[in-house]
Amino acid sequence: MNTSPHTETHRLASVLLTGQQPSRIQRKGRYTPESMTHPAKMLPAIAAHVVAAYTEPNDLVIDPMCGIGTTLVEAVHQGRHAIGMEYEAHFAEMAAGNLCHARSQGAIGSGHVVHGDARNIATALATQAGTAALVLTSPPYGPTTHGQVCTGRDNGGGKIDKSHNRYSTDRRNLAHRPTAELVAGFGQILTGCAALLRPGGVIAVTVRPFRVASELVDLPGQVITVAEDNGLVLSDRFAALLCGLRDGQIVTRASFFQMIESRRLREHGIPAMATAHEDLLVFVPVEKGRRAARLDLDGGGVASSPDRLDIGTAAAHTRRTRAR
């Protein structure tokens, strides 16, 4: 396994064209059919872009909240080694199944899944401390999502049926906790993951805002804040498209319920739109003895700081020197 920081990877554009194909097409044949039941899967194209940009063959990629293993599958298909951790046993089994499926399709990287609470990941993966080139993950968006929908068109005119829209029934799962507790727990996970990074390694988080009782929650902003509170600094920020682009126009990939909900909110005077992208946030650990300057998340302006420019970012930026 490569243990020295690499200096050349693909350059990422500020906007990633990761939604050109619908999620179901990106997954068809590459993932097991049963794993489609997970309520909030990372787009395979996002994982593939990030793995290609921040790692090289034989590097180690870790996902502390791996779900059905999208990060792991895309990593092993690119010849990386991958370790995932997942709180829910049935999703951990699906992730392991997807890794087996990837190997049957010729993936040359190795991978395995650990069932457990990612807030303890530094202990659970203690033997991997200081070895990971990339940690790539995404937090849950509350206890439920839009899930999968069967409409009257699909069931012969019957009522709308929603399914596979819950992460878990376990109240200890972070997805069930209030937003402040979810974010604090995610901060613990980021701290544990930082201990697993090798020199020059990065933590990448895909995240988007979500609504609680019609109120918009700026989850990307809260993730940035909790990351900086836990010894990380934002190195890069990208927009990973969930929509497609065709002839200069946006092709929505929003779900049935996303469209219905955004329309309902607009009818009540709330300027809601269907989500078209996720934030891809890339963090690096703060160098010892230095302090990260906090980003101006409220628009009020902050004084410039030399800490903001040079803490741990040089290694991350030098990895992205070769054009795609």
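Placed above this text is the structure.
Residues numbered from 1 in each chain as written. Predicted model: local features only at pLDDT ≥ 70, side-chain atom pairs only at ≥ 80, totals over all residues. Heavy atoms only, no water.

Caption draft 1: Structural context of the pattern of salt bridges. With the rule as written, the count across this model stands at 6 salt bridges. When the shortest N-O distance is used, the salt bridge between Asp 59 and Arg 198 registers 3.0 Å. Within this pair, whereas Asp 59 is found in the loop between helix H2 (44–54) and strand S2 (60–63), its partner Arg 198 is found in strand S8 (residues 197–207), the two being separated by 139 residues in sequence. Asp 59 gets classed as buried once you look at its relative accessible area, which sits at 0%. Relative accessible area serves as the criterion here: at 4%, Arg 198 is assigned to the buried category. Between Arg 208 and Glu 278 there is a salt bridge whose closest N-O contact spans 3.2 Å. In this pair, Arg 208 is assigned in the loop between S8 and strand S9 (210–212) and Glu 278 in strand S14 (residues 277–285), connecting sequence segments 70 residues apart. (Salt bridge = Lys/Arg side-chain N within 4 Å of Asp/Glu carboxyl O. Helix = DSSP H or I, 4+ residues; strand = E, 2+ residues; numbered from the N terminus. Buried < 20%, exposed > 50% of the residue type's maximum accessible area, 1.4 Å probe, protein only.)

Caption draft 2: Quick peek at the packing of helix H6 (residues 179–194) against helix H7 (residues 219–229). Remark: H6 packs on H7, axes separated minimally by 9 Å, with the N-to-C direction vectors making an angle of 45 degrees. On the basis of their axis angle, the class for H6 and H7 is oblique. Handedness of the crossing formed by H6 with H7: right-handed. Along its contact with H6, which presents Thr 179, Val 183, Phe 186, Gly 187 and Leu 190, the element H7 presents Leu 219, Gln 222, Val 223, Val 226 and Ala 227. Split by residue class, the contact of H6 with H7 holds 7 nonpolar, 3 polar and no charged. (Axes fitted to C-alpha atoms, helices over the stretch in contact; angles between N-to-C directions. Parallel < 35°, antiparallel > 145°, perpendicular 65-115°, else oblique. Left-handed = near helix turned anticlockwise from the far one by under 90°. Contact = heavy atoms within 4.5 Å. Nonpolar A, V, L, I, M, F, W, Y, C, P; charged D, E, K, R; others polar.)

Caption draft 3: Quick peek at the nonpolar core. Membership of the largest hydrophobic core comes to 37 residues, with the highest contact counts inside it found for Val 50, Tyr 54, Leu 134 and Leu 280. When contributions to this core are tallied by element, the ones reaching two or more residues are H2, helix H3 (70–77), helix H4 (89–104), strand S5 (132–137), S8, strand S11 (232–241) and S14. Per-element accounting of this core gives the leading share, 6 residues, to H2. Ile 62, Leu 196, Leu 219 and Leu 234 belong to the second largest nonpolar core, which has 32 residues in total. (Core = buried A, V, L, I, M, F, W, Y, C linked by side-chain atoms within 4.5 Å.)

Caption draft 4: Summary view of H4. Given a rise of 1.5 Å per residue, 16 residues ought to cover 22 Å, and the 23 Å separating the end C-alpha atoms of H4 matches this to within 8%. Against H3, strand S3 (81–86) and strand S4 (111–115) lie the buried residues of H4. (Expected span 1.5 Å × (residues − 1).)

Caption draft 5: Layout of a nonpolar patch on the surface. On the surface, a nonpolar cluster with roughly 350 Å² of combined accessible area is contributed by Val 15, Leu 17, Leu 245 and Ile 250. Structurally, the position occupied by Ile 250 is in strand S13 (residues 249–251). (Patch = residues over 30% accessible without salt bridge, like charges linked within 9 Å, V, L, I, M, F, W, Y side chains within 5 Å. Areas by Shrake-Rupley, 256 points an atom, 1.4 Å probe, with all protein chains shown as cover.)

Caption draft 6: Unusual backbone geometry, seen in detail. The phi dihedral of Asn 58 is positive, around 80 degrees, even though this residue is not glycine. Note that Asn 58 resides in the loop between H2 and S2. Judged by relative accessible area, which is 40%, Asn 58 ranks as partly exposed. At Asp 247, a residue that is not glycine, the phi angle is positive and equals roughly 55 degrees. Considering the arrangement of structural elements, one finds Asp 247 in the loop between strand S12 (244–246) and S13. Residue classification places Asp 247 among the exposed residues on the basis of a relative accessible area of 75%.

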